[in-house]
Amino acid sequence: MANLTLRKSIALGSVAILLLIEFSFFFDFIYPFRFLWNQGKLIELSLSLIVFFWSLLSAFLLFFSGRSIIRKITLPFFLFFFLCNIGFFNIANSPLDFQQAVIIVENFQWWFGAVVENFGFAALPFLILLLPLSIFIERLPELLQFNIPPKAYFVPVSAVILTTFGLQYSHGFFDRYPSYFRVPSMLAFAGLSHIYDGERDAVIYSGFLDPQVEKIVLIVDESIRADILGINTFEKDTTPYLRSLESGIVNFGIAASASNCSDYSNLILRTGLRKEEIPDHNQMTLKKPSIWQFTREAGFYNVYLDAQSAEEWVNYQNFMNEHEASFVDEIIRVRQKTAYESDGVARDKLINLLKQPGKTFIMFNKYGIHFPYFRSYPEEYNLFTPALKQGEPMNDRVKALNSYMNGIRWSVDDWFKNVFSESGSFKSFVIIYTSDHGQNIVDDGTLATHCRPGANRFEGIVPMIIFSNEESILEEFKVVQVTSYNKTNHFQIFSSILGFAGYNESWGRTHYGASLNDSPGTLPEFFVGDLHGRGSVRRWVSIYPTEAESD
């Protein structure tokens, strides 16, 4: 009898320890509690606490309620969600959050393939553990003789429904539930969550328009981390061509992206959302005039050059819809079967556009560098070794970094070298070059590269470089470069494009904030979390090293 009591105590204590471990995965577990209390949202806090305590009770009853057919069928699913959350933390250094749930729900086929290919070995132990764990826990009530009736199992089943309602009610903000219920509820909430998909407002501007150049180009590269560019004093010479340029360029060093997720950064770049307007609860990024409307108003021919989508693909990415696309005069999709060749095809299109007469605005989403990095460049560009190879563990940082540097040489340095080899025949142009986000290259020991709720600073470090054949434009930027080096951010780009297109700079500054001609005004940091305020993750991360890192 004493042994049985001891076993029951150990079992109860083990479940409690599991819950504590799970809750420790959160960056700040008590944040939603504290926020709701400080905001005086006592009704929302009370309802959330009721569901929270119900979910705690449900976690215990999941393990110890009497055996039944329903329990036998559903228990493996609950345990699968539990193991998935641990696996996700192992890969991304944070539990599953709303952003990741949206990616899974909206792009499940791609997500599943990416997980199997890139993280399969890391996830395999958890899948192997599922079957024996399910068998053992299914028999646990009988072994421990808790004598809890089988009908008590309705409590954990109902917890999924209640936590889904809780997430819906709080817009995903209060999500501190055990993963058995939190993960399926988060996926359900992501599937039920919808965003505005209608027409955008019209441009309202009555001032004079005096374009500075014929060709305005915004190049948004993919996953380029600025501190690993040789031009930014990286220890390895990853960008010898860019570093050799003595004219036609103003380099602002490392800069902060708007977000550590591609879609949010691109959306902000196209709509000019200001830093202080985040989180965008009213979804103004989906309603405000896009950059295409402004440049068309200024008489520019709009071209969207997309190296991430194939010609036969008709879908849009990064929150673009039919209405926004109606202001784009030409969409050129050039994704190739050998993916790293895509930017080369796009380069030829860009060169041709820069040679043609007439005012043109071009936004170019490069293919750039994708994980696993060895697929982002041809074999002859294996310059930094040892590099990753197919089938090798991806968590070798030295090899991962070398592979990434090879991608930089191919996708950034030599790409620009080939572009500017024909610059003598370009019309007057200005190019703003940046990236959608940076990259975690196993810097914190985890494999996930970006768009993580537990982001490190490297995920927001991007380049900010101006290229132009107009000396007057370059001279203006050289003046501000002295005080803005390593301090600029994505939020300055929209106003800069408006200025190039001929809009009054004072008007642009008033409505869309500082341009690259101005002092940034704030520290370079990027937003982590859902741009539209859903979910509990919402914080700003500086691209500068912390005191601990500096030491």
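These numbers come from a predicted model, not from an experiment.

K.L.:
Would you mind going over the nonpolar core in detail, with residue names and values included?
P.N.:
In terms of nonpolar packing, the biggest core is built from 61 residues, with Ile-219, Leu-350, Phe-416, Phe-420, Tyr-433 and Phe-467 touching the most fellow members. Looking at this core, the element that brings in the most residues is helix H14 (residues 397-420), giving ten residues. Residues contacting Tyr-433, with those up to four places away along its chain left out, are Ile-219, Asp-221, Ile-224, Val-412, Phe-416, Pro-463, Met-464, Ile-465 and Phe-467.

K.L.:
Outline the side chain of Ser-515, listing residues and values.
P.N.:
Residue position: Ser-515 is located in the loop between helix H17 (505-512) and strand S8 (525-529). Under the relative-accessibility criterion, Ser-515 is labelled buried at 9%. A distance of 3.1 Å separates the side chain of Ser-515 from the backbone nitrogen of Asn-517, its partner in a polar contact. Ignoring anything within four residues of it in the chain, the contact list for Ser-515 reads Gln-492, Ser-495 and Ser-496.

K.L.:
A description of the sheet that holds strand S5 (residues 360-365) should follow, citing residues and the corresponding values.
P.N.:
The seven strands are arranged S2-S7-S6-S1-S5-S3-S4 in an open sheet whose pairing can be described as mixed. Only two strands of the sheet have a single neighbouring strand rather than two, namely strand S2 (249-256) and strand S4 (330-333). Taken pair by pair, the neighbouring strands of this sheet meet at an average axis angle of 15 degrees, ignoring direction. Pairing analysis gives six bridges linking strand S3 (residues 301-306) to S5, with the strands arranged parallel. Within S5, the position partnered with Asn-302 by the bridge is Phe-361. With respect to the sheet, helix H13 (residues 342-355) is in contact with strand S1 (215-221), S3, S4, S5 and strand S6 (429-435), its orientation differing from that of S1 by roughly 165 degrees. Docked against the sheet, helix H16 (residues 493-501) engages S1, S5, S6 and strand S7 (461-468), running at close to 170 degrees with respect to S6.

K.L.:
So what's going on with the pairing of S2? Which residues, and what values?
P.N.:
Extensive coverage of S2 is indicated by the burial of eight of its eight residues. When S2 meets S7, the two strands line up antiparallel, connected through six bridges. Paired with Ile-249 across the strands is Phe-467, a residue of S7.

K.L.:
Before we move on, could you go through empty space enclosed by the protein and cite the residues and values that matter?
P.N.:
A full pass over the atoms with the stated rule returns three cavities of 30 Å³ or more. The space that makes up the largest cavity amounts to roughly 110 Å³. If you trace the largest cavity, you find 13 residues lining it, with Ser-495, Ser-496, Glu-505, Ser-515 and Asn-517 closest to the centre. Among the elements of the structure, H16 and H17 are those that each provide at least two residues to the lining of the largest cavity. By residue class, the composition of the lining of the largest cavity is three nonpolar, seven polar and three charged. Taken as a whole, the second largest cavity holds about 40 Å³ of empty space. Along its surface, the second largest cavity is lined by Asp-97, Phe-98, Gln-99, Gly-172, Asp-175, Met-186, Gly-529, Asp-530, Arg-534, Gly-535, Ser-536 and Val-537. Grouping the amino acids of the lining of the second largest cavity by side-chain chemistry returns three nonpolar, five polar and four charged.

K.L.:
Requested: an account of the packing of H13 against H14, with residues and values cited.
P.N.:
H14 packs onto H13 with a crossing angle of 30 degrees between their chain directions and a minimal axis gap of 10 Å. Between H13 and H14, the angle falls in the class roughly parallel. Between H13 and H14 the crossing geometry is right-handed. The residues of H14 that touch H13, namely those facing Asp-343, Gly-344, Arg-347, Leu-350 and Ile-351, are Ser-411, Trp-415, Asn-418 and Val-419. Per-class residue counts for the contact of H13 with H14 are four nonpolar, three polar and two charged.

K.L.:
Break down a nonpolar patch on the surface for me, with residues and values.
P.N.:
Together, Ile-43, Leu-47, Ile-50 and Tyr-169 make up a nonpolar patch on the protein surface, roughly 440 Å² of accessible area in all. For the nonpolar patch, the leading source of residues is helix H3 (residues 42-64), giving three residues. Its place among the elements puts Ile-43 in helix H3.

K.L.:
Go over the packing of H3 against helix H4 (residues 69-92) with me, naming the residues and quoting the values.
P.N.:
How two helices pack is summed up by the angle between their axes together with the distance between the axes. Close contact between H3 and H4 brings their axes to 11 Å; oriented N to C, the two are set at 125 degrees. Taken together, the axis directions place H3 and H4 in an arrangement best described as oblique. Between H3 and H4 lies a crossing of left-handed hand. Counted together, Leu-62, Phe-63 and Phe-64 of H3 and Arg-71, Leu-75 and Phe-78 of H4 form the full contact between these two elements. A breakdown of the residues in the contact of H3 with H4 according to their chemical character gives five nonpolar, no polar and one charged.

What counts and how
Residues numbered from 1 in each chain as written. Predicted model: local features only at pLDDT ≥ 70, side-chain atom pairs only at ≥ 80, totals over all residues. Heavy atoms only, no water. Core = buried A, V, L, I, M, F, W, Y, C linked by side-chain atoms within 4.5 Å. Buried < 20%, exposed > 50% of the residue type's maximum accessible area, 1.4 Å probe, protein only. Helix = DSSP H or I, 4+ residues; strand = E, 2+ residues; numbered from the N terminus. Contact = heavy atoms within 4.5 Å. Polar contact = N/O pair within 3.5 Å; in protein donor to acceptor, adjacent residues only side chain to side chain. Pairing = 2+ DSSP bridges. Axes fitted to C-alpha atoms, helices over the stretch in contact; angles between N-to-C directions. 1 Å grid on protein atoms, 1.4 Å probe; cavity = no way out; pocket = protein on both sides within 12 Å on 5 of 7 lines; lining within 4 Å. Points joined across faces, edges and corners; volume = space filled by probe spheres on them. Nonpolar A, V, L, I, M, F, W, Y, C, P; charged D, E, K, R; others polar. Parallel < 35°, antiparallel > 145°, perpendicular 65-115°, else oblique. Left-handed = near helix turned anticlockwise from the far one by under 90°. Patch = residues over 30% accessible without salt bridge, like charges linked within 9 Å, V, L, I, M, F, W, Y side chains within 5 Å. Areas by Shrake-Rupley, 256 points an atom, 1.4 Å probe, with all protein chains shown as cover. Salt bridge = Lys/Arg side-chain N within 4 Å of Asp/Glu carboxyl O.

Any functional reading would require information that these geometric values do not contain.
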